[in-house]
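Residue-level listing of the chains:
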Amino acid sequence: ALRSKQWYQRRVRVCGGRREDEVEGCLRDHISDIKSIDCTKQVIRLVAEAHGDVHLDPVLLRACQEDISYVCPRSDHAKGQIIECLQATQKRDKSALSHTCSSMLDARLAMWSAAFKRAKEYDSALEMVDDLYQAIESSKHKHELLAYLFIAVILIVLLSFCGGRWSKPKPMSKLY
């Protein structure tokens, strides 16, 4: 995930006094308490990444390690199928998973739900353009990126002029 210096400074307000390896989990668990929009966006990115891969959520991985090897041995680790397998197993038979894994999976499902609800608040095309602008503005290669963008726009405009003339049907009177 892309993390800014401000994001690290703001995390102390919600999860101050935690060890470095506990902060991300704390922020995920307390996403509704975060006031900063930028920090919330970063935590939503973390949650989205962890939702696809159990290895990006060490707390869930530790809680469900034995269950994963027993219930989901054939799941493809690279494609994020482990979480899907655990959820399907829990839906089918709640007692198939250990109590620790089942309760942690329930907590993670609630956290993912809250994060995705919060993400909908910030999900707009205007914010995506703003995020793109911020990323370009903070890049040390911004001049090259802007030059490529400018060239792409010019090429699209030129091709649209040429393509419009080539594809325009010719009047019958000018053919003879």
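You'll find the structure just up there.
No experiment lies behind these values; they were computed from the predicted model shown.

### Here we look at the overall build of the chain
For the chain, the count of helices and strands is 9 helices and 0 strands. Taken from N to C terminus, the helices and strands of the chain fall in the order α-α-α-α-α-α-α-α-α. Only carbon and sulfur atoms are counted for the fraction: they give 59% of the accessible area of the chain, which is about 12600 Å².

### As for the nonpolar core
Nonpolar side chains tend to gather and get buried jointly when the protein is soluble and globular. Counting 28 residues, the largest nonpolar core has V43, V54, L60, C64, I68 and L86 as the members making the most contacts within it. The set of elements that each furnish at least two residues to this core consists of α2 (20-29), α3 (37-52), α4 (58-71), α5 (81-92) and α6 (99-122). Here the element with the most residues in this core is α6; it accounts for 6 residues. Contact partners of C64, with chain neighbours within four places excluded, come to L86 and C101.

### Digging into α5
In a regular helix each residue adds 1.5 Å, so 12 residues correspond to 16 Å; α5 covers 16 Å between its end C-alpha atoms and thus fits that length. The set of residues buried in α5 consists of I82, I83, C85, L86, T89 and Q90. Taken down its axis, α5 places every buried residue within 160 degrees of arc, on the same side. Opposite its buried face, α5 presents the exposed residues E84, K91 and R92, each directed more than 90 degrees away.

### Looking at the side chain of R108
Mapped onto the fold, R108 is located in helix α6. Every residue in contact with R108, bar those within four places of it in the chain, is listed here: D29, D57, V59 and L60.

### So, the state of the cysteines
Under the counting rule described, the total for this entry stands at 2 disulfides. Between C72 and C85 runs a disulfide, and the two sulfur atoms are separated by 2.0 Å. Here the S-S torsion is close to -95 degrees, and the disulfide linking C72 with C85 is therefore left-handed. Taken as a pair, C72 in the loop between α4 and α5 and C85 in helix α5 lie far apart in primary sequence, 13 residues in all. Comparing C72 with C85 shows no difference in burial state: the two are buried.

### So, the packing of α4 against α5
It is at 11 Å that the axes of α4 and α5 come closest, and there the two elements cross at 75 degrees. Overall, the two elements α4 and α5 adopt an arrangement that is roughly perpendicular. In this structure, α4 contributes L60, C64, D67, I68 and V71 to the contact, and α5 contributes I82, I83, C85, L86 and T89. Across the contact of α4 with α5, the residue classes break down as 8 nonpolar, 1 polar and 1 charged.

### Overview of the side chain of D67
With respect to the secondary-structure elements, D67 resides in helix α4. Despite its burial, D67 pairs with no opposite charge; the closest candidate is R92, at 11 Å N-O.

### Quick notes on a nonpolar patch on the surface
Together, L146, Y148, L149, F150, I151, V153, I154, L155, V157, L158, L159 and F161 line one region of the surface with nonpolar side chains, adding up to about 1200 Å² of accessible area. Tracing the backbone through its elements, the reader meets L158 in helix α8 (residues 142-167). Among the residues examined, L158 registers a relative accessible area of 48% and is labelled partly exposed.

Criteria and thresholds
- Residues numbered from 1 in each chain as written.
- Predicted model: local features only at pLDDT ≥ 70, side-chain atom pairs only at ≥ 80, totals over all residues.
- Heavy atoms only, no water.
- Helix = DSSP H or I, 4+ residues; strand = E, 2+ residues; numbered from the N terminus.
- Areas by Shrake-Rupley, 256 points an atom, 1.4 Å probe, with all protein chains shown as cover.
- Core = buried A, V, L, I, M, F, W, Y, C linked by side-chain atoms within 4.5 Å.
- Buried < 20%, exposed > 50% of the residue type's maximum accessible area, 1.4 Å probe, protein only.
- Contact = heavy atoms within 4.5 Å.
- Expected span 1.5 Å × (residues − 1).
- Arc of directions from axis to C-beta.
- Disulfide = S-S within 2.5 Å.
- Axes fitted to C-alpha atoms, helices over the stretch in contact; angles between N-to-C directions.
- Parallel < 35°, antiparallel > 145°, perpendicular 65-115°, else oblique.
- Nonpolar A, V, L, I, M, F, W, Y, C, P; charged D, E, K, R; others polar.
- Lys, Arg positive; Asp, Glu negative; His and termini not counted.
- Salt bridge = Lys/Arg side-chain N within 4 Å of Asp/Glu carboxyl O.
- Patch = residues over 30% accessible without salt bridge, like charges linked within 9 Å, V, L, I, M, F, W, Y side chains within 5 Å.

Shape descriptors only; they carry no functional weight alone.
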